[in-house]
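For reference, the chains in residue letters:
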Protein chains: 2
Amino acid sequence: MLRASMLLILALPAFAAAPVLPATLPDGPAYSDDGQLKFPENYRQWIFLSAGVDMSYNPGAQTAAHPVFDNVFVNPSAWRAFQETGTWPDKTMLVLENRGGESGHSINVRGTTQSADVVGLEVHVKDANGPQHGWGFFSFDNPRFAKLTPRTASCYSCHEAHAAVDTTFVQFYPTLYGLAERKGTLSAGYRKDVSTRAED
Amino acid sequence: MLRASMLLILALPAFAAAPVLPATLPDGPAYSDDGQLKFPENYRQWIFLSAGVDMSYNPGAQTAAHPVFDNVFVNPSAWRAFQETGTWPDKTMLVLENRGGESGHSINVRGTTQSADVVGLEVHVKDANGPQHGWGFFSFDNPRFAKLTPRTASCYSCHEAHAAVDTTFVQFYPTLYGLAERKGTLSAGYRKDVSTRAED
């Protein structure tokens, strides 16, 4: 489990060295010599796409014992390209950060707020020259490096079949979906899903 | 009700004119001649602080008929100052964006995701030279200008009594709270709340 305090310690020195936000600096993926993805230290300064709570794509999934938030961030250079094209350039990094949901924190008397602890962190990276040769998932269990998730994992086939734009779930990013629709970049799989649901 | 499409239309021309993100540009408040706050067009490119769902500070509040998300963003110049000091500088702008919560959107079979529609937008601004002379709330019902919320509104007294740092609810911002604690900037009111709860 990643602790927020670990992330903060990692992020601060990198920030202190940079007079401007990473938005104007290279913000793409970096790898170790053995092809592991380097932890994206400044991702909380990237562009926020959305947050969901207790999401699941599996109809058979049990309700989680504790609420979990999904926060999604994208590197600013990829976000800027998406504004122009409605799809993702090479070197896109989407960070999925999970935090626990808390009830009754401080003066909040109902509903759910986010925990200090990061309980999961996965990065979806598009890199033609990376070890994944295209899109790949990297799931971090420490704030340093993560191995590529094997291509046989179900996340790949699900994203390829159902994601709205270029294997990414833009249908859950409210400021990007309409843009993709107007640019005509919605995937065939996603459009098929929509028409199938309309017929039900 | 603000529509996400309205926000996008406003944000794009401003972005197209700027070769870098507003992180490195002036990002403080601007006002009309009659003291209304100008809508912060690029706030979705600012620093995300957290998202909650169905929050309420009122023990007597009814459960909402529909889920509502709270997304909070801060202007990058204020965020940078907070990293150094643990509190907010003059010209801080905190944007509270409300979006509806949706069930069963696309392939999501449980939990809640965020709507395209923005259903509320309020900005908490610290500006010694603004019409509020300090901290003030501005609630937008259109994406152009908003009047200052009168000082008699309960949001002022509640924030002054219970907010963790400088009348802002840093206790709900997981990447900032620990920093404020280490810098010794937690408010007397907040520390009293914590000790009172510990005695209960």
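Look up: the structure comes first, before these words.
The rules we used
Residues numbered from 1 in each chain as written. Chains lettered and ligands numbered in written order. Predicted model: local features only at pLDDT ≥ 70, side-chain atom pairs only at ≥ 80, totals over all residues. Heavy atoms only, no water. Least-squares fit on C-alpha atoms with pLDDT ≥ 70 in both. Contact = heavy atoms within 4.5 Å. Buried area = accessible area lost by both parts, 1.4 Å probe. Salt bridge = Lys/Arg side-chain N within 4 Å of Asp/Glu carboxyl O. Polar contact = N/O pair within 3.5 Å; in protein donor to acceptor, adjacent residues only side chain to side chain. Helix = DSSP H or I, 4+ residues; strand = E, 2+ residues; numbered from the N terminus. Phe/Tyr/Trp six-rings, centres within 6.5 Å; stacked < 30°, edge-to-face > 60°. Buried < 20%, exposed > 50% of the residue type's maximum accessible area, 1.4 Å probe, protein only.

A. View of the relation of the copies chain A and chain B. Expressed as a screw operation, the relation of chain A to chain B combines 0.0 Å of axial shift with a rotation of 180°, fitting to an RMSD of 0.0 Å. The relationship between the two copies is best expressed as a two-fold rotation axis. Same-surface contact between copies: 100% of interface residues of chain A are shared with the interface of chain B.

B. A look at the interface of chain A and chain B. Contact with chain A, which involves 57 residues of that partner, is made by 57 residues of chain B. Where chain A abuts chain B, roughly 4900 Å² becomes buried across the two surfaces, and 64% of that area is made up of carbon and sulfur atoms. Interface area lost by chain A to chain B is led by Phe 48, Ile 107 and Arg 110 of chain A, which between them contribute 15%. Run the count over chain A and chain B and you get 0 salt bridges. Counting across the chain A and chain B interface gives 18 residue pairs in polar contact (both at pLDDT 80 or more). Among the elements of the structure, α1 (4-16), β2 (47-56), β3 (68-74), α2 (76-85), β5 (110-127), α3 (154-162) and α5 (188-199) of chain A are those that each provide at least two residues to the side of chain A that touches chain B.

C. Local environment of the packing of aromatic side chains. Applying the stated criterion across every chain yields a total of 21 aromatic pairs over all chains. Here the aromatic rings of Tyr 177 of chain A and Tyr 190 of chain A are separated by 5.9 Å at their centres, their planes lie at 70°, and the arrangement is edge-to-face. Of this pair, Tyr 177 of chain A sits in helix α4 (residues 177-183) while Tyr 190 of chain A sits in helix α5; the two residues are 13 residues apart in sequence, bridging distant segments of the chain. Among the residues examined, Tyr 190 of chain A registers a relative accessible area of 5% and is labelled buried. Seen in terms of ring centroids, Phe 169 of chain B and Phe 172 of chain B are 5.9 Å apart; in terms of plane orientation they differ by 45°. Their pairing is tilted. We note that Phe 169 of chain B, like Phe 172 of chain B, is buried. Linked through ring pairs, Phe 39, Tyr 43, Phe 48, Phe 73 and Phe 140 of chain A together with Phe 39, Tyr 43, Phe 48, Phe 73 and Phe 140 of chain B together constitute an aromatic cluster.

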